[in-house]
Amino acid sequence: MSFRDVMAAALYHPRFGYYTNLMGFGADGDFVTSPERHPAFGWLLGRQALEVWEALERPRPFGILELGAGSGALAEALVGFLRGEGLQDVVYTLDEVSPALREVQQRRLDGQEFRWEGAEELANFILANEVADALPVHRAVMRNGHLHELLVDAELQWVQASEPHPRLDAYFQALHVLPEEGQVMDICLELEDLVKSISQRLERGMALVIDYTASPPRDSLLTYYRHTLGSDPFVRLGEQDISAHVDLRTLVRLGIAQGLKAGAVAQRGLLYNLGFPQVQARLTGMTDREALGHLVDMNAAGGQIVGVFMLRGMPDGYKPAGAAGREWPEPRSVPSLPPNADEADFLGQWHEAFGEENSEVSNQTSESS
Ligand SMILES: C[S@@+](CC[C@H](N)C(=O)[O-])C[C@H]1O[C@@H](n2cnc3c(N)ncnc32)[C@H](O)[C@@H]1O
């Protein structure tokens with residue numbers, strides 16, 4: 001069978017799928033996404049949302065749609081930011097395929113803004129963070145100038161299809177890239193449906209698709225089980241996450257084909273343009289600063305994740321703040337992680353031993369982190 005079907009079943013089988021049963025991310029889960037890592041991620045994207053709202057001359061209500069919202073961490077931080085700015089007239093719709101995660105979101109998110117129905121309605125701001133990399137992919141290998149699918153047999157072994165796969169061949173022709181002989185690639189044909197469904201629901205405004213990228217596609221399958229990274233998708237079927245990096249060039253091309261204006265920026269640039277240094281300057285806790293730093297680390301999320309902007313009906317000359325930057329007013333407050341118990345313990349012990357007045361350790365550690 002096609003690996004695409006194996007991956008779809010492993011993640012979304014109505015009874016045994018990984019996401020079907022997933023109850024959360026973060027420390028107790030298998031992997032950590034940016035909104036789980038630090039609330040500043042959603043807070044900064046809130047600035048982007050507010051800027052779109054203003055550029056659109058303040059539509060009321062302001063319709064936001066989040067695809068694949070996980071535990072609801074991004075929704076919580078983003079709406080928290082908008083409330084802080086006095087924007088209450090928001091309809092924030094969560095389109096979530098996993099029944100377990102929908103329940104987690106409903107328990108977490110409190111407020112008249114949130115709803116789980118009407119995801120097909122038009123919105124002004126659409127978000128999909130690490131959703132595209134959770135879509136099933138085809139695996140293929142280049143043989144004699146054509147892409148042959150790698151199928152999966154009953155023993156869960158890879159078997160090369162004897163005939164080329166015309167849709168996979170066409171995918172690379174559209175990219176104007178010829179992979180090398182023998183190269184293995186993971187290709188998401190479902191990106192097209194994702195972009196079409198975003199385009200159908202984007203009335204006028206912005207969609208922001210944020211994800212790990214491999215462009216052009218390569219062999220990028222990754223698995224996560226209890227924070228351990230692997231690359232064998234056939235072990236722990238239904239119990240581990242499987243993802244494949246997203247081909248951002250194709251994402252941009254598909255957006256343009258839908259009549260959207262599209263462009264991309266690395267997550268580090270995106271967050272810096274939205275005022276990341278202002279948050280960084282205010283946080284002092286070691287754990288807080290470390291988690292925040294991860295979002296913009298070029299060797300991790302900051303460099304490997306890219307945000308693709310897709311715009312429709314924005315005013316002439318409009319450039320997204322997340323791509324072009326702008327002067328931000330000094331914020332009244334910035335989001336931080338809840339106090340870390342171990343860190344507080346450590347500082348408490350230090351103070352007990354050496355006295356309150358000696359705050360060298362806390363200062364040094366927060367400055368050097
Ligand atoms: C890797 S998780 C990311 C969760 C969250 N966005 C975050 O950043 O923490 C992928 C999410 O996408 C959801 N998902 C996958 N395919 C989907 C689809 N076609 N429509 C809506 N949600 C989907 C999963 O159930 C899960 O919530």
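Residues numbered from 1 in each chain as written. Predicted model: local features only at pLDDT ≥ 70, side-chain atom pairs only at ≥ 80, totals over all residues.

Draft legend 1. Molecular detail of the packing of helix α8 (residues 191–201) against helix α9 (residues 248–257). Where α8 contacts α9, the two axes come as close as 9 Å, and the packing angle between them is 45°. As summarised for this structure, α8 and α9 are arranged oblique, according to the angle between their axes. Pair α8 / α9 crosses with right-handed handedness. Packed against α8, whose contacting residues are Leu191, Glu192 and Val195, the element α9 presents Thr250, Leu251, Leu254 and Gly255 at the interface. Grouping the constituent residues of the contact of α8 with α9 by class yields four nonpolar, two polar and one charged. (Axes fitted to C-alpha atoms, helices over the stretch in contact; angles between N-to-C directions. Helix = DSSP H or I, 4+ residues; strand = E, 2+ residues; numbered from the N terminus. Parallel < 35°, antiparallel > 145°, perpendicular 65-115°, else oblique. Left-handed = near helix turned anticlockwise from the far one by under 90°. Contact = placed C-beta atoms within 7 Å. Nonpolar A, V, L, I, M, F, W, Y, C, P; charged D, E, K, R; others polar.)

Draft legend 2. Spatial organisation of the site of the ligand. Near the ligand lie 20 residues; those nearest to it are Thr33, Gly68, Gly70, Val97 and Ser98. Looking at the shell around the ligand, the elements with two or more residues in it are α3 (34–37) and α5 (73–84). A per-class count over the shell around the ligand returns eleven nonpolar, five polar and four charged. (Near = placed C-beta within 6 Å.)

Draft legend 3. The arrangement of the sheet that holds strand β4 (residues 123–129) in detail. On the basis of which strands lie adjacent, the open sheet formed by seven strands has the order β3-β2-β1-β4-β9-β14-β13 and mixed pairing. Each edge of the open sheet carries a strand with a single partner, namely β3 (114–115) and β13 (261–266). Here β4 runs beside strand β9 (residues 202–212); their pairing, made up of six bridges, is parallel. The partner of Ile126 across the bridge, within β9, is Ala207. Packing of α9 onto the sheet brings it into contact with β9, β13 and β14 (305–312), and relative to β13 it is tilted by some 155°. (Pairing = 2+ DSSP bridges.)

Draft legend 4. Spotlight on helix α6 (residues 99–108). Those residues of α6 not exposed but buried are Leu101, Val104 and Gln105. Down the axis of α6, the buried side of the element spans an arc of 100°, and every buried residue falls inside it. For α6, the exposed residues lying more than 90 degrees away from the buried face are Pro99, Glu103 and Arg107. Next to the buried residues of α6 lie α2 (18–21) and β2 (90–95). (Buried ≥ 20, exposed ≤ 12 C-beta atoms within 10 Å, placed from the backbone. Arc of directions from axis to C-beta.)

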